[in-house]
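Analysis of the macromolecular model
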Amino acid sequence: MNKNAPIGIFDSGVGGLTVAQAVKKLLPEEDMIYFGDSAHLPYGDKSAATIQAYSIKITDILLQRGCKVILIACNSASAAAFDLIKAYVGSKAHVINVIDPVIEHLKEGASRKKVGLIGTLQTVNSKVFETKIKNEKVDVELSALATPLLVPMIEEGFIHDSISHEIIATYLSDPSLAEIDALILGCTHYPIIKEDIKEFYKNEVELVDSANIVARSLKQQLKALNLLSDKTEGNDQFLVSDYTPAFEKAARLFFNKEIHLEKYPLWE
């Protein structure tokens, strides 16, 4: 692998931009190619087989563009397709998901805590967090709640208003999340409403935001593999399977610059 090859990042929509932004902030010298599968969002209410089909197709595109890393910036795809993508990619690129770094973070600092998890139907129903916590012997009590309205709410721009506050409050008031010490934001869209969640909890619950955790893990792994770029400044490309003004606006806000979107349909 070429150390100056790009980092490929993909998600179903704007949520993965939270991860891409954190990666770019920590690794500004890296080239980045972001793929937002805006034609098929959200992934969270789709079957594992469907998510796998989309993920492999996107991975193929990122490999064709020479990416040294495939970063699955989507919890639903990480839960449903990580092992398949790893097998498909082989030694062509390094594959990273957004779940394993969070599990490592819990191992380091959440001992003996009651931890809540909010995520999509796919992520919660897969029980991937429960399985990994058990396998890694992480000393936490986990309580998971599917919150399927949050992704479409965010994608449609209902953020920091009465509608979003009502939906967030309804979900977070669920008895399963009572008396938690920490809450895993188990979808990369959720950091976009992080401040609203903080407000609900009056800053009394630790929010486990995967974006910065994943970015730090990526840097550590690239360093260990001797794959950190030696360029002075990286270039960014943004691909979408369907053009949407909302995606372009979100990308501009996240990266604070004009963004050119390249439309790349997964299937013609």
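In what follows, the structure referred to is the one given above.
This is a predicted model, so every value here is computed, not measured.

Examining the overall build of the protein
Counting its secondary structure elements, the protein contains 11 helices and 10 strands. The C-alpha radius of gyration computed for the protein amounts to 18 Å, which stays within 12% of the reference 18 Å derived for 268 residues, consistent with globular compactness. When burial is assessed residue by residue, the protein has 54% of its 268 residues classed as buried. Restricting the contact set of the protein to residue pairs at least 6 apart, pairs at least 24 apart contribute 79%.

Considerations on the packing of aromatic side chains
Within the structure shown, the criterion is met by five aromatic pairs. Note on Tyr34 and Phe238: the rings are 6.3 Å apart at their centroids and 45° apart in plane angle, and the pair reads as tilted. Of this pair, Tyr34 sits in strand β2 (residues 32-36) while Phe238 sits in strand β9 (residues 236-240); the two residues are 204 residues apart in sequence, bridging distant segments of the chain. Across the pair, Phe238 and Tyr34 agree in class, each one buried. The structure contains a cluster of three or more aromatic residues connected by ring pairs, namely Tyr34, Phe238, Phe247 and Phe255. Over the ring of Tyr88 we find Lys92, and its NZ or CZ is 6.0 Å from the ring centre.

A word on the packing of helix α1 (residues 17-26) against helix α11 (residues 245-255)
Contact geometry of α1 with α11 gives a least axis separation of 10 Å together with a crossing angle of 30°. Considered as vectors, α1 and α11 are oriented roughly parallel to each other. Note that α1 runs across α11; the crossing there is right-handed. In this structure, α1 contributes Leu17, Thr18, Ala20, Gln21 and Lys24 to the contact, and α11 contributes Phe247, Ala250, Ala251, Phe254 and Phe255. Grouping the amino acids of the contact of α1 with α11 by side-chain chemistry returns seven nonpolar, two polar and one charged.

Quick look at the state of the cysteines
Under the counting rule described, the total for this entry stands at zero disulfides. With no disulfide partner, Cys74 has as its closest neighbouring cysteine sulfur the one in Cys187, 6.6 Å distant.

So, the side chain of Thr120
Topologically, Thr120 is positioned in the loop between β5 (113-119) and α5 (121-126). Among the polar contacts made by the side chain of Thr120, one reaches the side chain of Thr123 at a distance of 3.2 Å. Excluding anything up to four places from it in sequence, Thr120 contacts Gly44, Ser76, Ala146, Val151, Cys187 and Tyr190.

A closer look at the environment of Ile85
Mapped onto the secondary structure, Ile85 falls in helix α3 (residues 75-89). What makes Ile85 buried here is its relative accessible area of 0%. Separated by 10 residues in the primary sequence, Ile85 and Val95 have C-alpha atoms spaced 7.6 Å apart.

Let's talk about the sheet that holds strand β3 (residues 69-72)
With respect to topology, six strands assemble into an open sheet ordered β4-β3-β1-β2-β9-β10, the strand pairing being parallel. What marks the edges here is a single partner per strand, and that holds for β4 (94-96) and β10 (261-263). The sheet shows a mean angle of 20° between the axes of neighbouring strands, direction not considered. Pairing between strand β1 (residues 7-11) and β3: four bridges, direction parallel. Bridging from a neighbouring strand, Ile9 pairs with Leu71 of β3. Strand contacts of helix α2 (residues 48-64): β1, β2, β3 and β9, with the helix running at about 155° to β1, the strand carrying the most contacts. Those strands touched by helix α10 (residues 210-224) are β1, β3 and β4, and its axis lies near 160° from that of β3.

Conventions adopted
- Residues numbered from 1 in each chain as written.
- Predicted model: local features only at pLDDT ≥ 70, side-chain atom pairs only at ≥ 80, totals over all residues.
- Heavy atoms only, no water.
- Helix = DSSP H or I, 4+ residues; strand = E, 2+ residues; numbered from the N terminus.
- Rg over C-alpha atoms; globule rule 2.2 N^0.38 Å.
- Buried < 20%, exposed > 50% of the residue type's maximum accessible area, 1.4 Å probe, protein only.
- Contact = heavy atoms within 4.5 Å.
- Phe/Tyr/Trp six-rings, centres within 6.5 Å; stacked < 30°, edge-to-face > 60°.
- Lys NZ or Arg CZ within 6 Å of the ring centre and 35° of its normal.
- Axes fitted to C-alpha atoms, helices over the stretch in contact; angles between N-to-C directions.
- Parallel < 35°, antiparallel > 145°, perpendicular 65-115°, else oblique.
- Left-handed = near helix turned anticlockwise from the far one by under 90°.
- Nonpolar A, V, L, I, M, F, W, Y, C, P; charged D, E, K, R; others polar.
- Disulfide = S-S within 2.5 Å.
- Polar contact = N/O pair within 3.5 Å; in protein donor to acceptor, adjacent residues only side chain to side chain.
- Pairing = 2+ DSSP bridges.

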